Amino acid sequence: MEADKNGHIHYTSTGRPFYKVYLDEHSGVPLQTLWTDCPQIKGGVENVSYSTQKPEALLQRIIKASSNEGMVVADFFGGSGVTAKVANDLKRKFIHVDIGINSIQTVRDRLKEA
């Protein structure tokens, strides 16, 4: 196999093969698993002081990548309601579920403003 001869196949200690990609052989920006361009919430209008709140920019990226306008977005651990708010902003229907009354009150207030 040519890829193996060229050093593109790497074998783990258990013998499992992986295809090795060399950055100098490809153009563009390599894919990453960290999205460091989505700023953390520190203050401002977006912050509702909910301990597990996520940035709207992060949810926008996830929702745009995984749905189209008019589709339903479901969040079964809805927390502060960021997913519901962003889904609404992006013209998606949404289902927000959470066991905590604080969550329901927080998302209600957030959606009133939206």
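Residues numbered from 1 in each chain as written. Predicted model: local features only at pLDDT ≥ 70, side-chain atom pairs only at ≥ 80, totals over all residues. Heavy atoms only, no water.

1. Focus: the overall build of the chain
Stage number 1. Regarding its fold elements, the chain presents four helices and four strands.
Stage number 2. Taken against the 2.2 N^0.38 rule, which gives 13 Å for 114 residues, the C-alpha radius of gyration of the chain at 21 Å runs more than 25% over that of a compact globule.
Stage number 3. For the chain, the C-alpha atoms occupy an extent of roughly 60 × 30 × 25 Å along the three principal directions.
Stage number 4. Here the chain holds 114 residues, and the buried ones make up 26% of them.
Stage number 5. For the chain, long-range pairs separated by at least 24 residues make up 37% of all intrachain contacts whose partners lie at least 6 apart in sequence.
Stage number 6. A total accessible area of about 8700 Å² is found for the chain, and carbon and sulfur atoms account for 55% of it.
Stage number 7. Taken as two groups, the 14 positive and 13 negative side-chain charges of the chain have centres that lie 4 Å from each other. (Helix = DSSP H or I, 4+ residues; strand = E, 2+ residues; numbered from the N terminus. Rg over C-alpha atoms; globule rule 2.2 N^0.38 Å. Buried < 20%, exposed > 50% of the residue type's maximum accessible area, 1.4 Å probe, protein only. Contact = heavy atoms within 4.5 Å. Areas by Shrake-Rupley, 256 points an atom, 1.4 Å probe, with all protein chains shown as cover. Lys, Arg positive; Asp, Glu negative; His and termini not counted. Charge placed at Lys NZ, Arg CZ, Asp CG, Glu CD.)

2. Describing the packing of aromatic side chains
Stage number 1. Tallying each qualifying case throughout the model produces zero aromatic pairs.
Stage number 2. The residue whose ring lies beneath R61 is W35, and the NZ or CZ to ring-centre distance is 4.8 Å. (Phe/Tyr/Trp six-rings, centres within 6.5 Å; stacked < 30°, edge-to-face > 60°. Lys NZ or Arg CZ within 6 Å of the ring centre and 35° of its normal.)

3. Considerations on the UniProt feature "domain: DNA methylase N-4/N-6" (unreviewed entry) in the chain
Stage number 1. UniProt tags residues 24-105 as "domain: DNA methylase N-4/N-6" (unreviewed entry).
Stage number 2. Note that residues 24-105 is 29% helix and 10% strand, and that its end C-alpha atoms are spaced 52 Å apart. (UniProt positions renumbered as here; feature names shortened; annotations may be inferred.)

4. Topic: the nonpolar core
Stage number 1. In terms of nonpolar packing, the biggest core is built from seven residues, these being L59, I63, V73, V82, V86, A87 and L90.
Stage number 2. When contributions to this core are tallied by element, the ones reaching two or more residues are helix 2 (56-66) and helix 3 (82-89).
Stage number 3. Sorting elements by how many residues they give to this core places helix 3 first, with three residues.
Stage number 4. Once residues within four sequence positions are removed from consideration, L59 is found in contact with K54, V82, T83 and V86. (Core = buried A, V, L, I, M, F, W, Y, C linked by side-chain atoms within 4.5 Å.)

5. A few points about the pairing of strand 3 (residues 72-75)
Stage number 1. Covered by surrounding structure in strand 3 are V73 and D75 only, the residues V72 and A74 on the alternate face being uncovered.
Stage number 2. Pairing geometry for strand 3 and strand 4 (residues 93-96), over four bridges, is parallel. Across the sheet, the residue bridging to V72 is K93, located in strand 4.
Stage number 3. Running through helix 3, the crossover from strand 3 to the neighbouring parallel element strand 4 is right-handed. (Pairing = 2+ DSSP bridges. Right-handed = clockwise from strand over helix to strand, strands pointing away.)

6. Points about the packing of helix 2 against helix 3
Stage number 1. In the contact formed by helix 2 and helix 3, the axes pass within 9 Å of each other and the chain directions differ by 60 degrees. In terms of axis orientation, helix 2 runs oblique to helix 3. Crossing of helix 2 over helix 3 shows right-handed handedness. When helix 2 is examined against helix 3, the residues E56, L59, Q60 and I63 are found in contact with a partner set consisting of V82, T83, K85, V86 and A87.
Stage number 2. A class-by-class count of the residues in the contact of helix 2 with helix 3 yields five nonpolar, two polar and two charged. (Axes fitted to C-alpha atoms, helices over the stretch in contact; angles between N-to-C directions. Parallel < 35°, antiparallel > 145°, perpendicular 65-115°, else oblique. Left-handed = near helix turned anticlockwise from the far one by under 90°. Nonpolar A, V, L, I, M, F, W, Y, C, P; charged D, E, K, R; others polar.)

7. Topic: helix 2
Residues three or four positions apart in an α-helix share a direction because the helix packs 3.6 residues into each turn.
Stage number 1. By the burial criterion, the buried members of helix 2 are E56, L59 and I63. The arc that holds the buried residues of helix 2, viewed along the axis, is 65 degrees, so those residues lie on one side. What points out from helix 2, more than 90 degrees from its buried face, is the exposed set K64 and A65.
Stage number 2. Taken together, the buried residues of helix 2 touch strand 3, helix 3 and helix 4 (101-113). (Arc of directions from axis to C-beta.)

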